[in-house]
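Report on the structure
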Amino acid sequence: MCTSVIFRHVVRHSLSQLSAVMVKHETPDRWPALLTLLNESTKSNNPQDRQVGLLLLSKVVDSNPEAFKPHYKQLLQLFGNVLQDVTNTTASYYCILTLTAITSYTGTEEMNLMRSLIPRLIIALKHLIQADQNQAAEAMEVFDELLESEVSVLVPHIAELVRFCLEVSSDVSLSDSLRVKALSCIALLIRLKSKAVLKQNLLAPILQVVFPIMSATPPPGEEDPEDEENSDGNNDSESPKHFATQVIDTMALHMPPEKLFKQLMPLTQACLASENPYERKGGLLCLAVLAEGCADHIRTKMLSSVLQTVCRSLSDSNQVVRSAGLFALGQFSEHLQPDVSKYHTELMPLLLGYMSSLNEAKIGHVTKAFYALENFLENLDDDIESYLPTLMETMLSALHNTDNLKLKELAVSAIGAIANAAKEMLVPYFPPIIESLKGFLTDIQEEMRSLQTQALDTLSVLARTIGKDVFSPLAAECVQLGLKLTDAVDDPDLRRCTYSLFSAVSTVSPESLIPHLTAITTLMLMSLKSTEGVTVSTYDKQFVLLDDDDDDDEEEDSVLEEDGENEVDNVAGYVSLVENAYIDEKEDACDALGEIFPHEDVRKAAFGAMGQFCRAQHKVWQENPTEANHKALHKLLEVVLPCFLQVVKQEHERQVVMGVLEAMNAIIKSCQGEALHTPGRLEEISHAIRDVLKKKTVCQDGGGDEADDDEQQAEYDAMLQEFAGEGIPILASASKTFFFLFFSFFWQKPSCTVADRSFSVGTLAETLHSLVSVAGGRAVAGRLSNRLLPVLVAGVKDSDAEVRNNSVYGLGVLAQAAGPIVSTDYPMMLSLFSNLLSKESDRRVIDNLCAALCRMIMSHTEGVPLEQVLIYGLISVNVISWSPEKYFPLFLQSIQLTVNFWT
């Protein structure tokens, strides 16, 4: 009997999978028999038939969810009925899997139905947990999908969802995977809806559950993974304790520190004062993960006290606590700079004393000690000098006197951190360091690989920091070593480190690379072209005829369709299933090529050419508007624009970024809405422009152009901002919705500097002007006029002529863009202009004032007292003794408009 049941289960799953593969190629509307079968079986009075129908439904919908979109409302109504039957948990399970599959494809028309499902969904999951925890853990992924794609569905039920997740995560009788799923759901909810969590007073209940999990004592005879004897300190544990700590980390990143600390610190202090070492550990872990998200709050209000707490933990009688203290110190050193380095006289003796008495057996503990030390050393700069003798004695001793390869690797890494801080001060220790590294660099045994790659990394750091005169004699040998290693060892990490070494050598002895450039560039280009470690995926699960385990977690390799219809022939088709060493290798190859061949003019020209390709393809499509040409345009834009945005963010050379901004502006100006067709592209470009305007890009952060003095850098930054600012009206011209983004992304009250006031108002005016020629621009300008007028009026009254000039121009183009909508404001504007004209001496301002009057007359003649404006204008022209010929044509234009109106 048991064998028969298993066989039926296998057959059902196999037939469902076969149907799913067929639906992938044949839409359900062209297979009416399938729809009939699904409709009849899922509504059957027989629980078994209903269960089989829901199994089939889950498989076919998961294979092609978008094809079922016309049936979503019907499906959601079905789900509501299925979830009410809490006795058939298997049916509920398949129902929830189907809901998960369609969630990201639903639209506003399905929102109310989905919202009504949430209470039933939570009740069904509670019963499913009692029946099958593995199925329940998988089914809970529906909340991840809802939060990521349709979070508004969950907003009315946030309190109910949080209570459910807290119940699950606090129940130690449940499986770790289920509790982890509940905790990760809470963390995601906090990341996306932290304000709602705070508003509904859910912070305290979450903390009351999370803290006991985070500080729980392991079962007798067991330890936390990171505290185990043979742990290497790199455990990415999937335990509830690990995810409870992540919940605190997420809170720190997404909640106001004042509100968070008020409820969190009493619990933390209670843990730190506990007699239980695991509760003390929990308190320290809490402090550690707060360091990144709440860095400013800790630095300014409590740095001294938390450092004292951490320092005390380093002498705790329990190694579990000491290890957590080291982790916290490492976090502080990483995220609370430069303030934490000011305490080096207190902290460095503790760390040095600690390093001298490390127990090699607890390698995870040793790893945390080195982590804390490295992060602290990186920012010491000249203050490291007094500690160098002890530090180097400790590190060289570790290299010579231990057989533990992990400890050697940590010491080699620490030498790199010391070099970054000490620079030329490390010269006396350079010979013994190189002598030690040579042995690791040339040993190609597999067990030495990790130590070997770390030695290459440290050698690269030394090349950049020790000084050209000291390292240059070794440059040629390093290049030859790198080439030999890449030839002898097939390992992506080793190749990555070798490329970094070549790049570092090019900064001190570029002539050493010249004889080997062909070999080096060939290697790097092969890495870039290689698809090893990168999976070509059609996003289908592999069809396995006898897959009888629906909960199988083994990842199957994706398969390409044999008919070639879905073959991926571009970069977008290559997806890495994990962030692996091969992807890192490609990234480092790109970086190295950029540094070895640093000619910014060449790269700038290349980016310009990419922009020209896009504009040319757009012209081809306009002249021959076929579907093929349209697809080719978007395919090109999908490659070029993301590349441009990455360059703006990460490029070190200002000249290159300027060229990219110029090219991107030209693309948008030419292609208009086609360039912004991809969802999210408008926001991405807006973010990039905003980052330039706020000086948050890499090239504005002291990177690149190292030879430039402060004055030149300021000049380049001004030019960069000018290029970015030019993109704002271009975006407004391409998308009428952009103007609403303008205020949330760019517009702030002008700062006290004249340059900022002038730039802000000028950009606003140019953006308004772009709306004149945009379909629907008049409505947009009218809707925003109440917000814009006060800003521009204040600018007209500014003490700086440039600001007044830009503001007057802005009022004119606002009148032109908004038309009659702002006619009720004409009296105020005319009075403002009259007052300004009576005392203004700057000819540019008067020029723009006359132009603004013309725009007002053209936009809504009835709103302007033409006789008064004309007479006052003529008098003003007569009064102005200089260059009346400059202004008279403008008033002639006004006269012509007046004549036209009267006749």
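This one's a predicted model, so the numbers in the text were calculated from it and none came from an experiment.

Conventions and cut-offs
- Residues numbered from 1 in each chain as written.
- Predicted model: local features only at pLDDT ≥ 70, side-chain atom pairs only at ≥ 80, totals over all residues.
- Heavy atoms only, no water.
- Helix = DSSP H or I, 4+ residues; strand = E, 2+ residues; numbered from the N terminus.
- Contact = heavy atoms within 4.5 Å.
- Areas by Shrake-Rupley, 256 points an atom, 1.4 Å probe, with all protein chains shown as cover.
- Salt bridge = Lys/Arg side-chain N within 4 Å of Asp/Glu carboxyl O.
- Buried < 20%, exposed > 50% of the residue type's maximum accessible area, 1.4 Å probe, protein only.
- Axes fitted to C-alpha atoms, helices over the stretch in contact; angles between N-to-C directions.
- Parallel < 35°, antiparallel > 145°, perpendicular 65-115°, else oblique.
- Left-handed = near helix turned anticlockwise from the far one by under 90°.
- Nonpolar A, V, L, I, M, F, W, Y, C, P; charged D, E, K, R; others polar.
- UniProt positions renumbered as here; feature names shortened; annotations may be inferred.
- Polar contact = N/O pair within 3.5 Å; in protein donor to acceptor, adjacent residues only side chain to side chain.
- pLDDT = per-residue confidence, 0-100.
- Core = buried A, V, L, I, M, F, W, Y, C linked by side-chain atoms within 4.5 Å.
- Patch = residues over 30% accessible without salt bridge, like charges linked within 9 Å, V, L, I, M, F, W, Y side chains within 5 Å.
- Lys, Arg positive; Asp, Glu negative; His and termini not counted.
- Charge placed at Lys NZ, Arg CZ, Asp CG, Glu CD.
- Arc of directions from axis to C-beta.
- Expected span 1.5 Å × (residues − 1).

A few words on the overall build of the chain. Counting its regular elements, the chain contains 41 helices and two strands. Contacts spanning at least 24 positions in sequence make up 75% of the contacts within the chain whose residues lie at least 6 apart. Counting every atom, the chain has about 42,200 Å² of accessible surface; 52% of that belongs to carbon and sulfur.

A few words on the pattern of salt bridges. Per the counting criterion, the structure on display carries 20 salt bridges. The partner of Lys126 in a salt bridge is Glu167, with the nearest N and O atoms 4.0 Å apart. Remark: Glu167 occurs in helix 10 (residues 158-170) and Lys126 occurs in helix 6 (residues 111-131); sequence separation between them is 41 residues. Judged by its relative accessible area of 35%, Lys126 is partly exposed. Look at the salt bridges and you will find they share partners, linking Glu141, Asp144 and Lys181 into a network.

Right, let's get into the packing of helix 22 (residues 405-422) against helix 24 (residues 449-465). Direction vectors running N to C along helix 22 and helix 24 enclose 15°, while the axes themselves pass 9 Å from each other. With respect to their mutual orientation, helix 22 and helix 24 come out roughly parallel. With respect to the hand of their crossing, helix 22 and helix 24 are arranged in left-handed fashion. Across from Leu405, Lys408, Glu409, Val412, Ser413, Ile415, Gly416, Ala419 and Asn420 in helix 22, the residues of helix 24 making contact are Ser450, Leu451, Gln454, Ala455, Thr458, Val461, Leu462 and Thr465. For the contact of helix 22 with helix 24, the per-class residue count stands at eight nonpolar, seven polar and two charged.

Now for the UniProt feature "repeat: HEAT" (unreviewed entry) in the chain. Under the UniProt annotation, the feature "repeat: HEAT" (unreviewed entry) is placed at residues 788-826. As annotated, residues 788-826 comprises 72% helix and 0% strand, and the C-alpha atoms at either end are separated by 14 Å.

Here we take up the side chain of Thr697. As for its placement among the helices and strands, Thr697 is situated in the loop between helix 32 (681-693) and helix 33 (710-734). Since its relative accessible area comes to 3%, Thr697 is described here as buried. Separated by 2.6 Å, the side chains of Thr697 and Gln700 make a polar contact. Ignoring anything within four residues of it in the chain, the contact list for Thr697 reads Val648, Lys649, Asp691 and Val692.

Let us look at the packing of helix 5 (residues 89-103) against helix 8 (residues 141-149). One way to put it is that helix 5 packs onto helix 8 with a least axis distance of 9 Å and a crossing angle of 20°. With respect to each other, helix 5 and helix 8 are oriented roughly parallel. At the point where helix 5 passes helix 8, the crossing takes the left-handed sense. Along its contact with helix 5, which presents Ile96, Leu99, Thr100 and Thr103, the element helix 8 presents Glu141, Val142, Glu145, Leu146 and Ser149. When its residues are assigned to classes, the contact of helix 5 with helix 8 shows four nonpolar, three polar and two charged.

In this model, Gln337 is joined to Pro338 through a cis peptide bond whose omega is 0°. Phi angles above zero are rare outside glycine, and Gln672 is one such case at about 55°. Mapped onto the elements of the fold, Gln672 is located in the loop between helix 31 (654-671) and helix 32.

Turning next to the confidence of the model for the chain. Predicted coordinates in areas of low pLDDT are best not read in detail. The predicted model of the chain has a mean per-residue pLDDT of 80, with 79% of residues at 70 or higher. Element-level pLDDT for the chain is lowest in strand 2 (residues 574-575), with a mean of 35, against a maximum mean of 96 in helix 12 (residues 203-214). Scored below 50 in pLDDT, residues 1-7 shows zero contacts in the model against residues more than four places distant or in partner chains. Here residues 703-708 is a poorly scored stretch, pLDDT under 50, and it has 14 contacts once near neighbours within four places are set aside; other chains count.

In this section: the nonpolar core. Formed by 189 residues in total, the largest nonpolar core has its most connected members in Phe143, Ile206, Ile248 and Leu426. Sort the elements by how many residues they give to this core and helix 11 (residues 176-199) lands first, with 13 residues. With residues up to four places along the chain from it excluded, the contact list for Leu426 reads Leu388, Met392, Ile418, Ala419, Ile433, Leu462 and Ile466. Grouped together as the second largest cluster of nonpolar side chains are 38 residues, Val657, Ile668, Ala675 and Leu676 included.

Here we come to a negative patch on the surface. Negative charge collects at one region of the surface, where Asp381, Asp382, Asp383 and Glu385 lie side by side. Of note, Glu385 is situated in the loop between helix 20 (363-377) and helix 21 (388-401).

Moving on, we come to the environment of Asn404. Considering the arrangement of structural elements, one finds Asn404 in the loop between helix 21 and helix 22. Taking the C-alpha atoms as reference points, Asn404 and Ile363, 41 residues apart in sequence, are found 9.2 Å from one another. Among the polar contacts listed, one links the side chain of Asn404 to the backbone nitrogen of Lys406, at a separation of 2.9 Å.

We now examine helix 8. Along helix 8, the positions that sit buried rather than exposed are Val142, Phe143, Leu146 and Leu147. Seen end-on, helix 8 carries its buried residues on one side only, within an arc spanning 130°. Check the buried side of helix 8 and you find it contacts helix 5, helix 6, helix 7 (133-139), helix 9 (151-154), helix 10 and helix 11.

Residue position: Arg757 is located in helix 35 (residues 754-771). Overall, Arg757 belongs to the buried group, its relative accessible area being 16%. Along the chain, Arg757 and Arg804 lie 47 residues apart, while their C-alpha atoms are 9.9 Å from each other.

For helix 18 (residues 319-335), with 17 residues, the first-to-last C-alpha span of 24 Å sits near the 24 Å given by 1.5 Å per residue. The buried fraction of helix 18 is high, at 14 of 17 residues. The distance from a side-chain oxygen at the start of helix 18 to the backbone nitrogen of Val320 is 2.8 Å, and the residue carrying that oxygen is Asn318.

In this section: the side chain of Ser413. Mapped onto the fold, Ser413 is located in helix 22. Exposure remark for Ser413: the relative accessible area of 16% places this residue in the buried category. Among residues more than four places away in sequence, those in contact with Ser413 are Glu374, Gln454 and Thr458.

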